[in-house]
Amino acid sequence: MSEPNFYDLVYQVVRLIPPGRVTSYGAVANYLGTKGSARMVGYAMQACGTADPPVPAHRVVNSQGLLTGKFHFGGNRMEQMLASEGVIVINDKVQDFKKVFWDPAIELAL
DNA sequence: CCCGTGACGACAT
DNA sequence: TATGTCGCCACGG
């Protein structure tokens, strides 16, 4: 429908992230074709609260698996939500990040 | 139209 | 390996 906005496009991809999995801003940006705009992905997350249905932004972390945006969730809320889905987070860092990593450019390409 | 901002990423030192 | 700096693109004022 109509021209897909960058934000909307990001929301769509993030909503496709299965529970117990996480992805990185750069991976989403790469899938969108704007790999250089990883910051824009996070920026879009800030406005995700206005999107409907809601976006599981807590499943999106940086390349290091660090919960850089946890501060925007309200403290440990992001960490708890991830842990609730089976993602182990210690010290604001995703454990086995490599295993729980979900790359849209690969998973969706299949 | 111009400037600043930003939940990142890669490179250089 | 750790720290610092630049580049990136979209959006708001």
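Let me begin by describing the structure that accompanies this report. Here the structure is a predicted model, which is why all the values come from computation and not from measurement.

1. Examining the packing of aromatic side chains
Next, step 1: According to the stated counting rule, one finds two aromatic pairs in the structure shown.
Next, step 2: Note on Tyr7 and Tyr11: the rings are 6.3 Å apart at their centroids and 80° apart in plane angle, and the pair reads as edge-to-face. Taken together, the residues span about one helical turn, with Tyr7 and Tyr11 both in helix H1 (residues 6–15) at a distance of four residues.
Next, step 3: The class of Tyr7 is partly exposed, set by a relative accessible area of 28%.

2. Notes on the environment of Arg21
Next, step 1: Here Arg21 shows up in the loop between H1 and strand S1 (23–24).
Next, step 2: Between the C-alpha atom of Arg21 and that of Lys99, which follows or precedes it by 78 residues, the distance is 8.4 Å.
Next, step 3: Leaving out residues up to four positions away in the same chain, Arg21 has contacts with Arg59, Val87, Lys99, Val100, Phe101 and Trp102.

3. A short note on the pattern of salt bridges
Next, step 1: Tallying each qualifying case throughout the model produces three salt bridges.
Next, step 2: The salt bridge partner of Lys70 is Asp92, with a shortest N-O separation of 3.6 Å. Of this pair, Lys70 sits in helix H4 (residues 70–73) while Asp92 sits in the loop between strand S3 (89–90) and strand S4 (93–94); the two residues are 22 residues apart in sequence, bridging distant segments of the chain.
Next, step 3: In this structure, the salt-bridge partner of Lys99 is Asp96, at a minimum N-O distance of 3.8 Å.

4. Brief notes about the nonpolar core
Next, step 1: With 18 residues, the main nonpolar core has Val10, Tyr11, Val14, Met45 and Val55 as its most contacted residues.
Next, step 2: Listing elements by their share of this core, those giving two or more residues are H1, helix H2 (25–32) and helix H3 (38–46).
Next, step 3: Tyr11 has contacts with Ala44, Met45, Ala47, Cys48, Ala51 and Val55, leaving out every residue within four places of it along the chain.
Next, step 4: The next biggest cluster of nonpolar side chains, apart from the first, holds ten residues, and it includes Val22, Met78, Leu82 and Val94.

5. Some details on the protein's contact with DNA strand C
Next, step 1: Surrounding DNA strand C, one finds Tyr7, Gly36, Ser37, Arg39 and Met40.
Next, step 2: Each atom of DNA strand C within 4 Å of the protein was classed as base or backbone; sugar and phosphate made up 53%.
Next, step 3: One of the side-chain nitrogen or oxygen atoms of Arg39 is found 3.1 Å away from a base oxygen of DNA strand C.
Next, step 4: Of the residues assigned to the surface near DNA strand C, the class counts are two nonpolar, two polar and one charged.

Rules and cut-offs
Along every chain, residues carry numbers that run from 1 in the direction the sequence is written. Think of it this way: whatever chain is written first is A, whatever ligand is written first is 1, and the rest follow in order. Totals for whole chains, interfaces and linings use all residues, but because this is a predicted model, local features are given only for residues with pLDDT of at least 70 and pairs of side-chain atoms are given and counted only at 80 or more. Water and hydrogen atoms were dropped before computing side-chain values, which therefore reflect all heavy atoms in the structure. Any two rings among Phe, Tyr and Trp, with Trp reduced to its six-membered ring, count as a pair given centres within 6.5 Å; such a pair is stacked if its planes are under 30 degrees apart, edge-to-face if over 60, and tilted if neither. A run of DSSP states H or I qualifies as a helix once it reaches four residues; a run of E qualifies as a strand once it reaches two. Both are numbered from the N-terminal end. Only protein chains enter the accessibility calculation, which uses a 1.4 Å probe. A residue is then buried if its area is under 20% of the maximum for its type, exposed if over 50%, and partly exposed in between. We call two residues in contact whenever any of their non-hydrogen atoms come within 4.5 Å of each other. A carboxyl oxygen of Asp or Glu within 4 Å of a side-chain nitrogen of Lys or Arg is what we treat as a salt bridge. What makes a nonpolar core is a set of buried Ala, Val, Leu, Ile, Met, Phe, Trp, Tyr and Cys residues whose side-chain atoms join them at distances within 4.5 Å. Residues are counted as near a molecule or strand when any one of their heavy atoms sits within 4 Å of it. What qualifies as a polar contact is a pair of N or O atoms within 3.5 Å, subject to a donor-acceptor requirement within protein and to the restriction that residues adjacent in sequence count only when both atoms come from side chains. For this scheme, ten residues count as nonpolar: Ala, Val, Leu, Ile, Met, Phe, Trp, Tyr, Cys and Pro. Four count as charged, namely Asp, Glu, Lys and Arg, and the remainder, Gly too, count as polar.

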